[in-house]
Amino acid sequence: MHKFMLKLARFMAATGGFVLTLLILLTCLSISGRLLNGFFHGNLMQGMAPELAEWMIAIGVGPINGDFELVEAGVAFAIFAFLPLCQITSGHASVDILANSFSARVNRFLRMVTEIVFAGVLVLIAWRLEAGMISKLNNGETSFLLEFPVWWAYAASLVAAVVAAIVGLYMGAIRTFEFLTGRILIWDGVETEQ
């Protein structure tokens, strides 16, 4: 089961990384287009080569229309896509100064509680994303510039959030089993045997 969950989490992270890479390229192209558009509208190009400047403007050199809408939707998906890997590898930020002085049993209890709380929050987020997606679907809301249905972005984020919730529930169950039995099932460098 753990291998499957780890593969699922890695797949989601890779997908999120791919989307984030595309968004970076989109942003770079849009900024470059915006700069070139300003350059071609500027006095220098209008004075030296007005025909070239007008031609470049006419063919559409400029910012990508709706770039911020795509970035907004893509980043939301990417954030949720990275959560499962962070959850399964215990990659969340933690402060261990106080916890290092506790016994292994107390630390297992703290990890169990933390994983259960994370799982609950992830389930809550997925549930509310689903409600938001249904609301956007029913009211037909579209983005301002590109006019794509807003529920598409909610649906993409919902898929990633559901995977994060599943992985969170799995990790909550694992940490609960570890606390109750004293056996560590998933070694991730945080546990210590005492």
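Residues numbered from 1 in each chain as written. Predicted model: local features only at pLDDT ≥ 70, side-chain atom pairs only at ≥ 80, totals over all residues. Heavy atoms only, no water.

Observations concerning the overall build of the protein chain
Within the protein chain, the secondary structure is distributed over six helices and zero strands. For 194 residues, the compact-globule estimate of 2.2 N^0.38 gives 16 Å, and the C-alpha radius of gyration of the protein chain, at 24 Å, exceeds that figure by more than 25%. By its C-alpha atoms, the protein chain is 80 × 40 × 30 Å across when sized along the principal axes. Restricting the contact set of the protein chain to residue pairs at least 6 apart, pairs at least 24 apart contribute 75%. When the accessible surface of the protein chain is split by element, carbon and sulfur atoms take 71% of a total near 11,600 Å². Of note, the protein chain has its 11 positive side-chain charges centred 17 Å away from the centre of its 14 negative side-chain charges. (Helix = DSSP H or I, 4+ residues; strand = E, 2+ residues; numbered from the N terminus. Rg over C-alpha atoms; globule rule 2.2 N^0.38 Å. Contact = heavy atoms within 4.5 Å. Areas by Shrake-Rupley, 256 points an atom, 1.4 Å probe, with all protein chains shown as cover. Lys, Arg positive; Asp, Glu negative; His and termini not counted. Charge placed at Lys NZ, Arg CZ, Asp CG, Glu CD.)

Observations concerning the UniProt feature "transmembrane region" (unreviewed entry) in the protein chain
Here, UniProt's "transmembrane region" (unreviewed entry) annotation points to residues 70-88, 109-129 and 149-173. As annotated, residues 70-88 comprises 100% helix and 0% strand, and the C-alpha atoms at either end are separated by 29 Å. Structurally, residues 149-173 comprises 96% helix and 0% strand, and the distance from its first C-alpha atom to its last is 37 Å. (UniProt positions renumbered as here; feature names shortened; annotations may be inferred.)

Comments concerning the packing of aromatic side chains
Using the criterion set out here, one finds three aromatic pairs in the structure. Over the ring of Phe 179 we find Arg 105, and its NZ or CZ is 4.3 Å from the ring centre. For Arg 128, the ring lying beneath its charged end belongs to Trp 127, and the centroid distance is 4.6 Å. (Phe/Tyr/Trp six-rings, centres within 6.5 Å; stacked < 30°, edge-to-face > 60°. Lys NZ or Arg CZ within 6 Å of the ring centre and 35° of its normal.)

Here's the deal with the pattern of salt bridges
Taken as a whole and assessed by the stated rule, the structure comprises two salt bridges. The shortest N-O distance in the salt bridge between Lys 136 and Glu 141 comes to 2.9 Å. Among the residues examined, Lys 136 registers a relative accessible area of 18% and is labelled buried. (Salt bridge = Lys/Arg side-chain N within 4 Å of Asp/Glu carboxyl O. Buried < 20%, exposed > 50% of the residue type's maximum accessible area, 1.4 Å probe, protein only.)

Thoughts on the environment of Ala 161
Inspection of the secondary structure puts Ala 161 in helix 6 (residues 150-181). The contacts of Ala 161, once residues within four sequence positions are left out, are Phe 80, Leu 122, Ala 126 and Leu 129.

Brief notes about the nonpolar core
Core analysis: the biggest nonpolar cluster contains 21 residues, and Met 12, Ile 88, Ala 160, Val 167, Tyr 170 and Met 171 have the highest contact counts within it. Listing elements by their share of this core, those giving two or more residues are helix 1 (2-41), helix 4 (67-88), helix 5 (104-139) and helix 6. With nine residues, helix 6 is the single largest residue contributor to this core. Beyond its immediate sequence surroundings of up to four residues, Met 171 is in contact with Gln 87, Ile 88, Glu 115 and Ile 186. Counting six residues, the second-largest nonpolar core is a separate cluster that includes Phe 40, Met 45, Met 56 and Val 61. (Core = buried A, V, L, I, M, F, W, Y, C linked by side-chain atoms within 4.5 Å.)

Topic: the packing of helix 1 against helix 6
Interaxial distance between helix 1 and helix 6 falls to 11 Å at its minimum, and their mutual angle equals 150°. Between helix 1 and helix 6, the angle falls in the class roughly antiparallel. In the packing of helix 1 onto helix 6, the handedness of the crossing is left-handed. Within the contact between the two elements, helix 1 uses His 2, Met 5, Leu 8 and Met 12 and helix 6 uses Ala 160, Val 163, Ile 166, Val 167 and Tyr 170. (Axes fitted to C-alpha atoms, helices over the stretch in contact; angles between N-to-C directions. Parallel < 35°, antiparallel > 145°, perpendicular 65-115°, else oblique. Left-handed = near helix turned anticlockwise from the far one by under 90°.)

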